[in-house]
Amino acid sequence: MKKITFLILAAFLLFIPIEKSDASSVKTIGLIYSADLSFYRIIHGAVIKYLNKYGVDTRKIKFIRQRPFPDVVSWNNAARKLVVYDSDIIIAYGSGAAEAAFSATSSIPVIYGAIDHGLSKIKKIKNGYGSSYTVPIASFIRYLREAKDVNNLAVVYSPFEPDTVVQYRQFRQICKELSINVTGIPVKSVSDIESMLKLEQFDALFLTGSAIVNYRIKTIYEICRGKKVPVLSIFDGTEEYSLLTITPDADRIGRAMAHIIYKLITGRGPVKKRHVLVTKTKIYFNLRLTTELGLRIPMRLVTSADKVIK
Amino acid sequence: MKRSIIFLSVLLSLFMLICPDPCKSEDKSPGKEGILIGLIPEENIFKQMERYMPLAGYISEKIGRKVKFTILSKYGDIIDRFNSRGMDGAFLGGLTTVIAYEKLGVIPLVTVVDTEGNATVRGHIIVRRDGVINSPDDMKGKIVAFVDRASITGYLFPVVYMKEHGINNIRDFFSEVFFTGSCDASVYAVLDGRADVGFVNETELRDMISSDVTIKKELKIIATSPDMPNVTLSLSKRISEKMRKKLLDTLLDISNNSKGREVLKRFGAGGFRRASVNDFTPVYRLLKSLNVNVKEYNYRNK
């Protein structure tokens, strides 16, 4: 009798599905930053934080990090390397790195982050998942006009980072309604920035979410300081150099990405939302630069900004 | 940031209390006390001060007594501090009028009539046009920027609207809930991406759009409240019948002279209309739909 009971029990136990541990279902996660920027690092920190929160032991995951110099060739090389290394998943920060990853593979899931929502084509890619953001471009102009009278604005973007082209067009459209002239400065490589900026005259400079552009934030700041004009920026981590930074909430981007990664690596149900839009922003106002440049102080910014740099 | 707002509000209140008397010296004669009117923070306090100051001067001149305005930092402060600050009256929103009427026994005197001749105002629930919210269901897990618990447009109507759409626990439904203190701040919270859902009355929104054309294209209205009474001046029972009549006549007559019309222009209104408690029936109706007794209504922001 005991033997029969034991056999039944053994047979029963044999058929109970044993859940695989989180780490055993994934070997390698490839990681590409479009440039070594603090904004991307902050988002990735949030990804790790939330993966651990969801019960994934990230110490058991092999991360292969690629922080290439921000240009197309380097992005493509980095993406190909991650494919060769048999990454189970590729995480790409910024549209430059994401485009390279999508070119390199159509089978490995690519989870993108820090890409403007206006880049709609990314949502049609079969192996694409991720979190995009919106920033209120009109708010930049609204606050800027409270600080100084403006007639000519310049926007730096990169044709190699398609979401930054979208941002430039949005900016130009809003300025058109307000009868403000806009000069677009398309930057193809980091080395272009200095010479191109020195040629132009403008009342303020808007930096799009371009890795190529933000990689040279200090140089841009020095040039603008020489011209006595303020800089407006999107990326968290640039606020020391920028009069106003309206940045997407990195924590929310990281959380959305982590949720997708968690679903993919544990296989716990399908990824219901493959593309998550983050609209929450944080505002950083640089009061020190306002005084230094002799600008008016927008009181609303002083009272509502998440961070005021004194 | 909260500290900055409080500091600015206190600074402004002090400034308004000590600012030079806009009327003649006879008002300072012994025995003739000034009239202190409280204001709820409808908008940016500096802008609000610019609007109300000429009105204070005009009334003072007409009634022969100094009229001072004091802006409080929160809607509910008017109720809490009406007696302790020795206020003789207050320009209140629909909900604060009802609370003040029930709790303090104030008497509604006149309601502001807008430039289009309406003594009522509607509230809007707004979201970003480029966002993903089209209905109450889409608001789940989003960030909401209420104005103040003591505001119809900025709290009571939205709560009733949400309840009607099956949202009973706001704190659980939204990922973040905060109070901005004024309608324009709620709109800017949505415009700046600090909140997904905001609230504003139509007059304030119209003013904001007229000064910045881009706002209209950025926002989307997803619901509008029924007509609610506009801002109403209510007086303390302490004010004599004679003085009440004087104030009433002054304000009802304001649009009949050029100086008054100039004051109204700066105030951003078309005139005033005599108010009565019956005007506030829509407010009582909203409170009833939440099964809330006005005397027990919690108007303090948490």
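Source: prediction; values computed, not measured.

Student: Help me understand the overall build of chain A, please; the structure alone is not making it clear to me.
Tutor: Broken down by element type, chain A carries twelve helices and 13 strands. Oriented by its inertia axes, the alpha-carbon framework of chain A measures out at about 95 × 40 × 30 Å. Each of the 310 residues in chain A was classed as buried or not, and the buried ones make up 57%. Long-range contacts, defined as pairs at least 24 residues apart, comprise 69% of the intrachain contacts of chain A with a sequence gap of at least 6. When the accessible area of chain A is evaluated, it comes to approximately 13,600 Å², of which 54% is carbon and sulfur surface. Of the charged side chains in chain A, 45 are positive and 26 negative, and the gap between their average positions amounts to 7 Å.

Student: Help me out: how do you make sense of the overall build of chain B in this one?
Tutor: Tallying secondary structure elements over chain B gives twelve helices and 13 strands in all. Here chain B, with 302 residues, has 58% of them falling under the buried criterion. The long-range fraction of contacts in chain B, counting pairs at least 24 apart against all pairs at least 6 apart in sequence, stands at 79%. Approximately 13,500 Å² of chain B is accessible, and the part contributed by carbon and sulfur atoms is 50%.

Student: What is the right way to read the interface of chain A and chain B from this model?
Tutor: One widely used convention gives an interface's size as the accessible area the parts lose upon coming together. In this complex, chain A contributes 23 residues to the contact, which on the side of chain B involves 24 residues. Across the chain A to chain B interface the summed buried area is about 2,000 Å²; carbon plus sulfur atoms make up 53%. When residues of chain A are sorted by the area they lose upon contact with chain B, Arg142, Glu177 and Thr303 of chain A head the list and together hold 26% of the total. Our enumeration of links across chain A and chain B arrives at four salt bridges. A salt bridge links Arg142 of chain A to Glu218 of chain B; the shortest N-O distance between them is 2.5 Å. At the boundary of chain A and chain B, one finds eleven residue pairs in polar contact (both at pLDDT 80 or more). Put simply, the parts of the chain that give the side of chain A that touches chain B at least two residues each are α5 (137-147), α6 (162-177), β12 (281-286) and α12 (299-304) of chain A. Take the side of chain A that touches chain B: its biggest share by element is five residues, from α12 of chain A. Looking at the side of chain A that touches chain B, its residues break down into twelve nonpolar, five polar and six charged.

Student: Help me out: how do you make sense of the sheet that holds strand β13 (residues 307-309) of chain A in this one?
Tutor: Residue and element names in this part refer to chain A. Judged by pairing direction, the sheet is mixed, and its seven strands sit side by side in the order β7-β6-β8-β9-β10-β12-β13 without closing on themselves. Two strands bound the open sheet, and with one partner strand each, they are β7 (181-186) and β13. For this sheet, the mean angle separating the axes of adjacent strands, direction not counted, is 20°.

Student: Any chance you could explain the packing of aromatic side chains here in plain terms?
Tutor: One pair of aromatic rings is described through two measures. These are the centre distance and the angle between the planes. By the definition in use, this model includes 26 aromatic pairs over all chains. An angle of 65° between the planes, with centres 5.4 Å apart, marks the rings of Tyr52 of chain B and Phe91 of chain B as edge-to-face. Pair noted here: Tyr52 of chain B is in helix α2 (residues 45-63) and Phe91 of chain B is in strand β3 (residues 89-92), with a separation of 39 residues, a long-range link. The class for Phe91 of chain B is buried, based on a relative accessible area of 1%. Of the aromatic side chains, those joined through ring pairs into one cluster are Tyr33, Phe39, Tyr40, Tyr93 and Phe235 of chain A. Positioned above the aromatic ring of Tyr33 of chain A, the side-chain terminus of Arg67 of chain A is 4.9 Å from the ring centre. Across the ring face of Tyr188 of chain B, the terminal group of Arg300 of chain A is positioned such that the distance to the ring centre comes to 3.4 Å.

Student: Quick question: what am I supposed to make of the sheet that holds strand β2 (residues 67-71) of chain B here?
Tutor: Across a sheet, strands are paired by hydrogen bonds formed along the backbone, either parallel or antiparallel in direction. All names here are of chain B. In spatial order, the strands read β2-β1-β3-β12-β4-β13; together these six strands make up an open sheet with mixed pairing. Taken across any chain shown, the strands that pair with only one partner, and hence form the sheet edges, are β2 and β13 (271-274). Pairs of neighbouring strands in the sheet enclose a mean axial angle of 25°, with direction left out of account. Pairing analysis gives three bridges linking strand β1 (residues 35-39) to β3, with the strands arranged parallel. Opposite Ile37, over in β3, you have Gly89 as the bridge partner. Taken strand by strand, α2 contacts β1, β2, β3 and β13, and its axis lies near 160° from that of β2. Relative to the sheet, helix α4 (residues 94-104) contacts β3, β4 (107-113) and β12 (232-235), its axis offset from that of β3 by approximately 145°.

Student: Even after reading the chapter, I still don't get the domain arrangement of chain B, so can you show me in this structure?
Tutor: Residue and element names in this part refer to chain B. The domain architecture assigned to chain B consists of domain 1 (2-118 + 229-296) and domain 2 (123-225). Contacts between domain 1 and domain 2 engage 19 residues on the former and 17 residues on the latter. A buried area of about 1,500 Å², summed over both sides, lies between domain 1 and domain 2, and 61% of it is on carbon and sulfur atoms. Applying the counting rule to domain 1 against domain 2 returns three salt bridges. Across the pair Glu204 and Lys47 runs a salt bridge whose closest N-O atoms are separated by 3.9 Å. On the surface where domain 1 and domain 2 come into contact, there are one residue pair in polar contact (both at pLDDT 80 or more). Looking at the side of domain 1 that touches domain 2, the element that brings in the most residues is helix α12 (residues 281-289), giving four residues. Of the residues contributing to the side of domain 1 that touches domain 2, the split by class is seven nonpolar, six polar and six charged.

Student: Honestly, the pairing of β1 of chain B in this entry has me stumped. Any pointers?
Tutor: For a regular strand, side-chain orientation follows a simple rule: the groups alternate between the two sheet faces. All names here are of chain B. With five of five residues buried, β1 is to be regarded as a mostly interior element. Because side chains alternate across β1, one face comprises the buried residues Ile35, Ile37 and Leu39, and the other comprises Leu36 and Gly38, equally buried. The sheet contact formed by β1 and β2 spans five bridges and is parallel. The residue bridging Ile35 from the neighbouring strand is Val67, located in β2. In terms of handedness, the path from β1 via α2 over to β2 forms a crossover that is right-handed.

Reading the values: the criteria
- Residues numbered from 1 in each chain as written.
- Chains lettered and ligands numbered in written order.
- Predicted model: local features only at pLDDT ≥ 70, side-chain atom pairs only at ≥ 80, totals over all residues.
- Heavy atoms only, no water.
- Helix = DSSP H or I, 4+ residues; strand = E, 2+ residues; numbered from the N terminus.
- Buried < 20%, exposed > 50% of the residue type's maximum accessible area, 1.4 Å probe, protein only.
- Contact = heavy atoms within 4.5 Å.
- Areas by Shrake-Rupley, 256 points an atom, 1.4 Å probe, with all protein chains shown as cover.
- Lys, Arg positive; Asp, Glu negative; His and termini not counted.
- Charge placed at Lys NZ, Arg CZ, Asp CG, Glu CD.
- Buried area = accessible area lost by both parts, 1.4 Å probe.
- Salt bridge = Lys/Arg side-chain N within 4 Å of Asp/Glu carboxyl O.
- Polar contact = N/O pair within 3.5 Å; in protein donor to acceptor, adjacent residues only side chain to side chain.
- Nonpolar A, V, L, I, M, F, W, Y, C, P; charged D, E, K, R; others polar.
- Pairing = 2+ DSSP bridges.
- Axes fitted to C-alpha atoms, helices over the stretch in contact; angles between N-to-C directions.
- Phe/Tyr/Trp six-rings, centres within 6.5 Å; stacked < 30°, edge-to-face > 60°.
- Lys NZ or Arg CZ within 6 Å of the ring centre and 35° of its normal.
- Domains from an automatic or database assignment.
- Right-handed = clockwise from strand over helix to strand, strands pointing away.

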